[in-house]
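Chain and residue survey
Residue-level listing of the chains:
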Amino acid sequence: MNLLQRPRRLRGNEAVRRMVREVRIDKSSLIYPMFVKEGSDIKEEIPSMPGQYRYSIDRMPEKLNELADAGVSNVMLFGIPLHKDETGSAAFDRDGIIQKALRVAKREVPDVYYITDVCMCEYTSHGHCGVLCDHGVDNDPTCGLLAKTALSHVQAGADMVAPSDMMDGRVLAIRNLLDSNGFTHIPIMSYAVKYASAFYGPFREAAGSAPSFGNRNGYQMDVHNSREAIKEALLDIEEGADIIMIKPAMSFLDVVTKVREAIHVPTAAYSVSGEYAMVKAAALKGWIDESRIVSEMAVSAYRAGAQIYLSYFAQEIAGYIDAGLIG
Ligand code: PBG
């Protein structure tokens, strides 16, 4: 055949395949989500997330060191408090779970970069992401509480805060309160594009944060929409967001691409608990090749346009990069 273009020429061996790769994954762009709970000497497995654990503060450093040794030096912390109430007051308590965990972690493992999830759902007795009024979650008072929560995290040592509640105006409220307290240098990673997704199921079991009635459709995004994702992202940037996150990752890769093309700040994608659970369940049954599936999922997020990737598989992905499976 008289073909001038033969795409297979650039697939001839590993060296040339690696040379022409369009995306590369660097470990420094990985973030590992981690659950911390009250108590001592606790490392308990999350039933729907085999291989993932809730740690008490004293057991956290061993995991943080393990991650750092693997080359994963960014974590996102989620807190599981002892006490919940209507307003989620344990979220902004100076001695709340996250605040205490940060003080210990920053002292024991100072080289890790600590990002905190800022939300109320783990702390409210009703499991919604803010305080309630007669028509659902009361937006404006909730923004005030979220800002107080973010400030308390930063005062305890958080390097970055990440609001995940989906209230309107919360990035602005957080930015203003951080700035007026002298924290102009602390970045905000906004969960700007967060869908009302069934993929959060295992997380809600892990964190005990499922809503006790109703659902989150009144504040998280409708899965049918992607133009609206651009609106959410642009609004949060106007309010001061430094990084825009899209979540979940795998079923919203089109949204990652669209948002990435519309904005000029770094874009993150979060491979959520349900994605982890599905892969683990099938892998434990011997039905799929876990390392190849996880690698492919990670690469797809970067190829779609993410610069930052949050995954419960972050440590494994670092291992795959070392082994030359991806990267
Ligand atoms: C808190 C929050 C959730 C997740 C991250 N932050 C749960 C939710 O919105 O119900 C989900 C993370 C995951 O599923 O891995 N609002």
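This report concerns the structure included in the present document. (Residues numbered from 1 in each chain as written. Predicted model: local features only at pLDDT ≥ 70, side-chain atom pairs only at ≥ 80, totals over all residues. Heavy atoms only, no water.)

1. So, the overall build of the protein
When its secondary structure is counted, the protein shows 11 helices and 12 strands. The C-alpha atoms of the protein give 20 Å as radius of gyration, which agrees with the globular expectation for 327 residues (20 Å, within 12%). Once the C-alpha set of the protein is aligned to its principal axes, its extents read approximately 75 × 45 × 40 Å. Relative to its 327 residues, the protein shows a buried fraction of 55%. Look at the contacts in the protein between residues 6 or more apart in sequence, and 72% of them connect residues 24 or more apart. Computed over 35 positive and 42 negative side-chain charges, the inter-centroid distance for the protein is 8 Å. (Helix = DSSP H or I, 4+ residues; strand = E, 2+ residues; numbered from the N terminus. Rg over C-alpha atoms; globule rule 2.2 N^0.38 Å. Buried < 20%, exposed > 50% of the residue type's maximum accessible area, 1.4 Å probe, protein only. Contact = heavy atoms within 4.5 Å. Lys, Arg positive; Asp, Glu negative; His and termini not counted. Charge placed at Lys NZ, Arg CZ, Asp CG, Glu CD.)

2. Quick notes on the pattern of salt bridges
The final tally for this structure, using the stated rule, is 18 salt bridges. The closest approach of N and O atoms between Lys27 and Asp322, which form a salt bridge, is 2.8 Å. Of this pair, Lys27 sits in the loop between helix H1 (14–19) and strand S1 (30–37) while Asp322 sits in helix H11 (residues 314–323), and the two are 295 residues apart along the sequence. Notably, a salt bridge pairs Arg175 with Asp242, separated by 3.9 Å at the nearest N-O pair. Remark: Asp242 occurs in the loop between helix H7 (227–238) and strand S10 (243–247) and Arg175 occurs in helix H5 (residues 170–180); sequence separation between them is 67 residues. Salt bridges sharing partners connect three or more residues here, namely Glu14, Arg17 and Arg18. (Salt bridge = Lys/Arg side-chain N within 4 Å of Asp/Glu carboxyl O.)

3. Observations regarding helix H3 (residues 97–108)
Compared with an ideal rise of 1.5 Å per residue, which puts 12 residues at 16 Å, H3 spans 16 Å between its outermost C-alpha atoms and is within 8% of the ideal. Among the residues of H3, Ile97, Ile98, Gln99, Ala101, Leu102 and Ala105 are the ones counted as buried. Those residues of H3 that are buried are in contact with S1, helix H2 (60–70), strand S4 (74–80), strand S5 (113–118) and helix H4 (139–155). (Expected span 1.5 Å × (residues − 1).)

4. Focus on the packing of H4 against H5
In a pair of packed helices, the angle between the axes and the distance between the axes together describe the arrangement. One can describe the packing of H4 onto H5 by two numbers: an axis separation of 8 Å at closest approach and a directional angle of 45 degrees. Between H4 and H5, the angle falls in the class oblique. Handedness of the H4/H5 crossing: right-handed. Contact with H4, carried on its side by Cys143, Leu146, Ala147, Lys148, Ala150, Leu151 and Val154, involves Arg170, Ala173, Ile174, Leu177 and Leu178 of H5 and no other residues of that element. Looking at the contact of H4 with H5 residue by residue, the classes come out as 10 nonpolar, no polar and two charged. (Axes fitted to C-alpha atoms, helices over the stretch in contact; angles between N-to-C directions. Parallel < 35°, antiparallel > 145°, perpendicular 65-115°, else oblique. Left-handed = near helix turned anticlockwise from the far one by under 90°. Nonpolar A, V, L, I, M, F, W, Y, C, P; charged D, E, K, R; others polar.)

5. Some points on the site of the ligand
Around the ligand, 19 residues are found, and the nearest of them are Lys194, Arg204, Lys247, Ser273 and Tyr312. In this structure, Arg216 approaches the ligand through a side-chain N or O atom, which is 3.0 Å from an oxygen atom. In the environment of the ligand, an oxygen atom lies 2.7 Å from a nitrogen or oxygen atom belonging to the side chain of Ser273. Look at the ligand: alone it shows 410 Å² of surface, and the protein chains cover 100% of it. Looking at the shell around the ligand, the elements that each hand over two or more residues are strand S9 (189–194) and helix H6 (201–207). In terms of residue class, the shell around the ligand is built from 11 nonpolar, three polar and five charged. (Near = heavy atom within 4 Å. Polar contact = N/O pair within 3.5 Å; in protein donor to acceptor, adjacent residues only side chain to side chain. Areas by Shrake-Rupley, 256 points an atom, 1.4 Å probe, with all protein chains shown as cover.)

6. A look at the pairing of strand S2 (residues 43–46)
Two elements, S2 and strand S3 (residues 49–56), share four bridges in a ladder whose sense is antiparallel. What sits directly across from Glu44, in S3, is Arg54. Between S2 and S3, which follow one another and run antiparallel, lie two residues. (Pairing = 2+ DSSP bridges.)

7. What to know about a nonpolar patch on the surface
Taken together, the side chains of Leu10, Met19 and Val20 present a nonpolar region at the surface, about 290 Å² in accessible area. Considering the arrangement of structural elements, one finds Val20 in the loop between H1 and S1. (Patch = residues over 30% accessible without salt bridge, like charges linked within 9 Å, V, L, I, M, F, W, Y side chains within 5 Å.)

8. Here's the deal with helix H8 (residues 253–262)
Along H8, the positions that sit buried rather than exposed are Leu253, Val255, Val256 and Val259. Looking straight down H8, one finds that the buried residues subtend no more than 150 degrees of arc, so they occupy a single side. Looking at the buried positions of H8, the neighbouring elements they touch are S9, H7, S10, strand S11 (267–271) and helix H10 (290–304). (Arc of directions from axis to C-beta.)

9. A closer look at the pairing of S10
In terms of burial, S10 is a largely internal element, five of the five residues being buried. Side-chain alternation along S10 places Ile243, Met245 and Lys247 on one buried face and Ile244 and Ile246 on a second face that is also buried. As judged from the four bridges shared by S9 and S10, these two strands associate in the parallel manner. In the strand pairing of S10, Lys194 is matched with Lys247. Relative to S11, S10 is paired through three bridges, and the arrangement is parallel. Directly across from Ile246, in S11, lies its bridge partner Ala269. In terms of handedness, the path from S10 via H8 over to S11 forms a crossover that is right-handed. (Right-handed = clockwise from strand over helix to strand, strands pointing away.)

10. Some points on the packing of aromatic side chains
Tallying each qualifying case throughout the model produces 11 aromatic pairs. Ring centres of Phe35 and Phe203 lie 5.5 Å apart, and the angle between their planes is 50 degrees; on these two criteria the pair is classed as tilted. With Phe35 in strand S1 and Phe203 in helix H6, the pair connects residues that are 168 residues apart, well separated along the chain. A single burial state applies to Phe35 and to Phe203, both of which are buried. On the numbers, 6.2 Å between centres and 45 degrees between planes, the contact of Tyr191 with Tyr270 is tilted. You can see Tyr191 sitting in strand S9 and its partner Tyr270 sitting in strand S11, a full 79 residues away along the chain. (Phe/Tyr/Trp six-rings, centres within 6.5 Å; stacked < 30°, edge-to-face > 60°.)

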